Structures are given as structure tokens and as C-alpha cells.
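Survey of secondary and tertiary structure
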Amino acid sequence: MAAEKTPARPAVRGRIVMLVDNGVNGDSRVQKEARSAADAGWDVILLGKGKAKAKSEITWEIGKAQVRLLPVPNPLHRRRHEYRRAVLRSPLAYKPGPLASYRRQKMKAWRADLNVRLILARQEGSFLTRLRLVLPRLASRFMQSWVNLRSRKTAELDRRRKEMDGPLDRFTTAFWQKTMGNRSWRRLEPHLWDLELAYGKVIDELEPDLIHANDFRMLGVGARAALRARARGGKVKLVWDAHEFLPGIKPWNPHPRWHKAQCAHELEYSRHADAVTTVSSTLAEMLQERHGLKELPSVVLNAPDAELSPEQAAEPVPDLRELCGIGLDVPLTVYSGAAAPQRGLDIMVESLPQLADVHTAFVVLNTESEYMRGLRERAEELGVSDRLHILPYVPHYQVVRFLAGADLGVIPIHHWPNHEIALITKFFEYSHARLPLVVSDVKTMGEMVERTGQGEVFKAEDVEDYVRAVKSVLGDAERYRGVYEKDGLLDEWTWEAQAERLDAVYTRLLPGSAVRPAAERARVEAGA
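Residues numbered from 1 in each chain as written. Predicted model: local features only at pLDDT ≥ 70, side-chain atom pairs only at ≥ 80, totals over all residues. Heavy atoms only, no water.

1. A closer look at unusual backbone geometry
Quick note on the threshold: Counting from the N terminus, the helices are DSSP H or I runs at least four residues long and the strands are E runs at least two residues long. The cut-offs for exposure are 20% and 50% of the maximum accessible area for each residue type, with area from a 1.4 Å probe on protein chains only; residues under the lower value are buried, those over the upper are exposed, and the others partly exposed.
You will see that Glu207, though not glycine, has its phi angle at about 50 degrees, which is positive. Mapped onto the elements of the fold, Glu207 is located in the loop between α7 (191-206) and β5 (210-214). Non-glycine residue Asp215 carries a positive phi angle of around 70 degrees. Within the fold, Asp215 resides in helix α8 (residues 215-231). A relative accessible area of 9% places Asp215 in the buried class.

Shown next as C-alpha cells:
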């Protein structure tokens, strides 16, 4: 169902348009931001990324907030040179597109036809027909070799274009970076324009008072929308919600230009943000230094909800142990969240032969991903597949209650710069589930666990040390759980507390938007 192009303004505080470059489902932070802002009296519209070939928007509501997934065609996902023939680099390669596949299939069809004609000629005993087929058969063999050669050259060129590891590729990348500086992303990663062209017009039509841009790819979209609005005389404000330290992430895309382009794009537009929020105090300091921010970003932790709506509380929560097919007396370790090699989940599988009777559950978005399939295969090789359970996500408001069925929560992430600086979502979810923790020795989380005593820290990627930590926790679980009974430990680690911080940022940027008394709100909404 398509949404209205310009919804009415029911809010008394102002309109917030939130931007995220995913499908919203599975992103607990943006869902909680949208719901809590709408509950605080803002008119919230959350724009997310739909499928490239979708014919229309998909809409739904999160509490009082409206969600709209926009179709995002991606013709610029391929760079300009990938649409052209490389006459100098690979003169025998076919032009980009389906031509190589077409030529190979055409040759197979020709040779299949000649083979049938030869069979018929032999059956008919026609020497003349067989003689006439000699030259076409010889030609087909030559052409088959020629087409195969050009197809191989085409495949090699495609590979080189993706890897871009040749001297010419490195030169052109460095050239654009040197000559264009932060604007070089236009050459290095033009796909960022696909996002702009899908979101920009919709944002303009919504006429927001404030744009909340989540993470680095939406920063440019939000900044350009704010600049256009200001050019028309508006006073729209831009909040940049930085989820990660971009220079320190493991690139999502292996293309060698992708990470360089994203960093340049972020640096170009960060100066247009009126306020910056982020996920940890360490990251706030790093962002201020890198982007020359006048103010230290406000820290809004991605903590779970302390209170649920009646509708959420009424929904039945799946039983983690029942899904694993185990009883209450079976030791169960759990990992919940994104699944990728740098997250270190393999160590949990490798340890199972040394942890007799211990079961492990992975709660992940895509249970059939290549990474998950690899972990399943490894568990089978080790003879422990019956003790590995791979389960899908539950709604974000059920995560804490769902995970509470485990005996301990694991965060085995590797040493990447971005992993060192934050208390990630699952840290708070495990804590509110009152699970003892086993975490790798990344800086911020490792130090927090050692300070609170809520778990054990192990050396990242060290199976023996991981086994030690798990045995230590399982051997005295109640001691670690008891830490959560300390007054005040979990109070600040709630979304309600974080939502107040975020609302304070909005209110500061939009003078006069503070919450009004209920009677006054009723008069405004009634049109008095």
C-alpha cells in the first residue's frame, strides 16, 4: 500500500524524518528511536530502504511512528568503466553484459545441431551430406575455441574490475582521491547517488523540521536535504547518528574503492550536522577529533526497553530451550546478533568438543547464510552438530526474555578498531537477561566486564582460553548473576533513559518544541 505523499501534521512538537539504509526490521536502534520519539509527541516518519525492483512503497507503523520502505533502484551500483569495453586492457574480452553467455550458448546450439545432422546423414548413408558437413564442423570447432578464449578474457576482466588491484587501478583511485579530496566518492562509489535519488524527493515532500540520519551512508542524504530546505528559507535541523567509527570497520563490500569512498563521503557531509549522537563515550571522542566537531557527540546507548507496551507484553515469547530441544539442566551458551567471520562465532563451535554436554545457540538474522552453513559443516566434522542450534531473530522487544533461557551470553568478537570502542547492543541485552558474560578482550567491553564482575574475559581467537572462561562461568553461575542485583547497575542501561537523552538533543535544536501540558496538546490537536 503506497503512503500519502504529504501526510497531515498531527504532532504538536514538530516533524522528524528518520533515515536508515536498511529494511528497518532487524535494526532495533532505529525502531526504538522512532517509537520513543513518536511517544514523546513528535510526528515521526522513518524512511527505510526497500527492494530495488519494488513497484511501490511498503508502509507500516511502529507505535505511533510511520515506516515507509522506498524502492531504491541501483543502476549506479556498477561504476562507469564497468559498462564499457576495455579495448586497451583486454582487447579480446566481450563488452560488458550478457554477450559472452549468449555467444557460448549459441556455439553449443550450433554444434548440437551439426551433430544431429551428422547422425541423420550416417543413417541415410549419404556420403555427399557428410562431406558437406566437414567444413561447418571444422569451423564450429575453431569458433568454439575462439568464443571460449574471449569468454575467459571477459571473466578475467570482470574479476580484475572487481578486485581493482592492478597498477592502473591503483593509480586512478589515488588520482581521484588526490584531485577531488572528500568529493572523490562521486567517482569511487557512485552508488551513493542511487540512495540520494530514491530518498531525496520524498524527504523534500515531507517538509521535516528535523532530519535524523542514521549512520554514514544516510549522512549525505540527510545533509543535502537539509541544505535544500535551508535554501528555500526553511530552518530544518540535521542530527547525525553515528553508529560506528567508519575508518575502523571491516568493509561490508570487498571492492577496494568502497571503504575509501564511504570515508570521503562522511568527511564531506559531517560538517553540516547540527548535532551528532553516537553509541559510546570513546567513539564520541574519536568522532570529535576526526571531524573537528565543536561539541562532543551525545551518547545514546542502544539499550533494551525496560518497559513494554501492553501489546508487546501480551505476545508469547518463544522458548529458547524448547527450540533447541533441551531441558533446564543442560548447559546452554548463546550468541545473538550479526553473524560474520570477524564476530568470532567459529570459536564457539571449535570449543564444543572440549565442553562436554554444553549446547550452543546462534540467534541470527539469516540462518542459511554462507557463514552459517560453514559453521554447520564444521560442527558435523567435529561430531558436535547435535549440540549446535541456529535460530532466527525474534522481535527486538522479545530479545531479553528470549535470551534469559540460556546460561551465559557470549561476545567473541575479534580485534578490529571498531570492536574496541563500544558497548554493543547484545552486551545490554545479555545484561538485562541477567546472563553471565564471556567476552573477548576487546578494550571497552573487556574493561567493563572486569569492572562489574558480570562475567569472564578471554583472549580473542584463543580456543583454550575461551574454554577456560566458559568453564569458570558455568562452574559458579550464580555468583556472576548476583552482580545484576546491585542497585543502579541496570537502571542506566535502559532505552527509556537513552530516549530522554535523544529527546533532549531534538528539543535543544528546535526551540519551542518542548513537551506541552496535556491540556494544551489537546487544544492544538483539536485545532483550537
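2. Let's talk about a nonpolar patch on the surface
The condition that has to hold: In this analysis, a patch consists of residues with relative accessible area above 30% that form no salt bridge, clustered at 9 Å for like charges and at 5 Å for the nonpolar side chains Val, Leu, Ile, Met, Phe, Trp and Tyr. The protein chains shown are the only cover counted for residues, whose accessible areas, like all others here, come from Shrake-Rupley with a 1.4 Å probe. Any carboxyl oxygen of Asp or Glu that lies within 4 Å of a side-chain nitrogen of Lys or Arg is treated as forming a salt bridge with it.
Residues Phe127, Leu128, Leu131, Val134, Leu135 and Leu138 make up a contiguous nonpolar surface patch of roughly 630 Å² in combined accessible area. Only α3 (127-132) and α4 (134-163) provide two or more residues apiece to the nonpolar patch. Turning to its location among the elements, Val134 is positioned in helix α4. A residue is classified by how much of its surface remains accessible, and Val134, at 38% relative accessible area, is partly exposed.

3. What about the sheet that holds strand β3 (residues 58-62)?
Which entries qualify depends on this criterion: A strand pair is defined by DSSP finding two or more bridges across the two strands. We call two residues in contact when some of their heavy atoms are within 4.5 Å. In this analysis an axis means a line fitted to C-alpha atoms, helices contributing only their contacting stretch, and an angle means the value between N-to-C directions, from 0 to 180 degrees.
Strand order in the open sheet formed by eight strands is β3-β4-β2-β1-β5-β6-β7-β8, with mixed pairing between adjacent strands. The sheet is open, and its two edges are formed by β3 and β8 (298-299), each paired on a single side. As paired elements, strand β1 (residues 15-19) and β5 share four bridges and run parallel to each other. Each bridged residue has a counterpart across the sheet, and for Ile16 the counterpart in β5 is Leu210. Contacts from α7 reach β1, β2 (43-49), β4 (65-70) and β5 within the one sheet, and its direction differs from that of β2 by about 155 degrees.

4. Let's talk about the sheet that holds strand β10 (residues 359-364)
Strand order in the open sheet formed by six strands is β11-β10-β9-β12-β13-β14, with parallel pairing between adjacent strands. Each end of this open sheet is capped by a strand with a single partner; those strands are β11 (388-392) and β14 (455-458). Adjacent strand axes in the sheet meet at a mean angle of 25 degrees when their direction is disregarded. Relative to strand β12 (residues 408-411), strand β9 (residues 332-336) runs parallel, the two sharing two bridges. Across the sheet, the residue bridging to Val334 is Gly409, located in β12.

5. Quick look at the pairing of β9
Of all the five residues making up β9, five are buried; the element is thus mostly covered by neighbouring parts of the structure. With burial as the criterion, each face of β9 is covered, one bearing Leu332, Val334 and Ser336 and the other bearing Thr333 and Tyr335. Bridge count for β9 against β10 is five bridges, and the pairing is parallel. By the bridge assignment, Ser336 is partnered in β10 with Val363.

6. Examining the packing of aromatic side chains
Given two aromatic rings, one states the distance between the centres and the angle between the planes to describe the pair. Put simply, the rule reads: Only rings of Phe, Tyr and Trp enter the pairing, Trp through its six-membered ring, and a pair is recorded when the two centres are within 6.5 Å. The plane angle decides the type: under 30 degrees is stacked, over 60 is edge-to-face, the rest tilted.
All chains considered together, the criterion is met by 13 aromatic pairs. A centroid spacing of 5.0 Å and a plane angle of 70 degrees characterise the contact between Phe175 and Trp176, whose relative ring orientation is edge-to-face. With a relative accessible area of 38%, Phe175 lands in the partly exposed category. Given a relative accessible area of 22%, Trp176 falls into the partly exposed group. Each ring, one from Phe428 and one from Trp493, has its centre 5.6 Å from the other, and the planes form 65 degrees; the classification is edge-to-face. Of this pair, Phe428 sits in helix α16 (residues 425-432) while Trp493 sits in the loop between α19 (477-481) and α20 (495-509), and the two are 65 residues apart along the sequence. Given the relative accessible area of 7%, Trp493 is considered buried.

7. A look at the packing of helix α2 (residues 99-124) against α4
Stated precisely, the cut-off is as follows: With respect to orientation, any angle under 35 degrees is reported as roughly parallel, any angle over 145 as roughly antiparallel, any angle of 65 to 115 as roughly perpendicular, and every other angle as oblique. Take the far helix as your reference; a near helix turned counterclockwise from it by less than a right angle gives a left-handed crossing, and one turned clockwise gives a right-handed crossing. In the scheme used here, Gly and all other residues not listed as nonpolar or charged are polar, with Ala, Val, Leu, Ile, Met, Phe, Trp, Tyr, Cys and Pro taken as nonpolar and Asp, Glu, Lys and Arg as charged.
Interaxial distance between α2 and α4 falls to 10 Å at its minimum, and their mutual angle equals 160 degrees. Taken together, the axis directions place α2 and α4 in an arrangement best described as roughly antiparallel. Read as a crossing pair, α2 and α4 show a hand that is left-handed. Between α2 and α4, the residues in contact are Ala100, Arg103, Arg104, Met107, Lys108, Trp110, Arg111, Leu114 and Leu118 and Pro136, Arg137, Ala139, Ser140, Arg141, Met143, Gln144, Val147, Ser151 and Thr154, respectively. Here the residues of the contact of α2 with α4 sort into nine nonpolar, four polar and six charged.

8. With respect to the nonpolar core
To be explicit about the condition: In this text, buried Ala, Val, Leu, Ile, Met, Phe, Trp, Tyr and Cys residues form a nonpolar core when linked through side-chain atoms within 4.5 Å.
One finds Leu320, Val334, Phe362, Leu403, Phe427 and Tyr466 to be the most contacted residues of the largest nonpolar core, which totals 66 residues. Of the residues forming this core, the biggest block, five residues, is contributed by helix α18 (residues 463-475). Setting aside its immediate chain neighbours within four residues, Val334 contacts Leu320, Met348, Ala361, Val363, Leu403, Ala406, Leu408, Gly409, Val410, Tyr430 and Leu435. Leu195, Ala273, Leu283 and Leu293 belong to the second-largest nonpolar core, a separate cluster that totals 39 residues.

9. Remarks on the packing of α7 against α8
Where α7 contacts α8, the axes come no closer than 9 Å and their chain directions differ by 45 degrees. When the axes of α7 and α8 are compared, the pair comes out oblique. The way α7 lies across α8 gives a crossing that is right-handed. Mapping the contact onto sequence places His191, Leu192, Trp193, Leu195, Glu196, Tyr199, Gly200, Ile203 and Asp204 in α7 and Arg217, Met218, Gly220, Val221, Arg224, Ala225 and Arg228 in α8.

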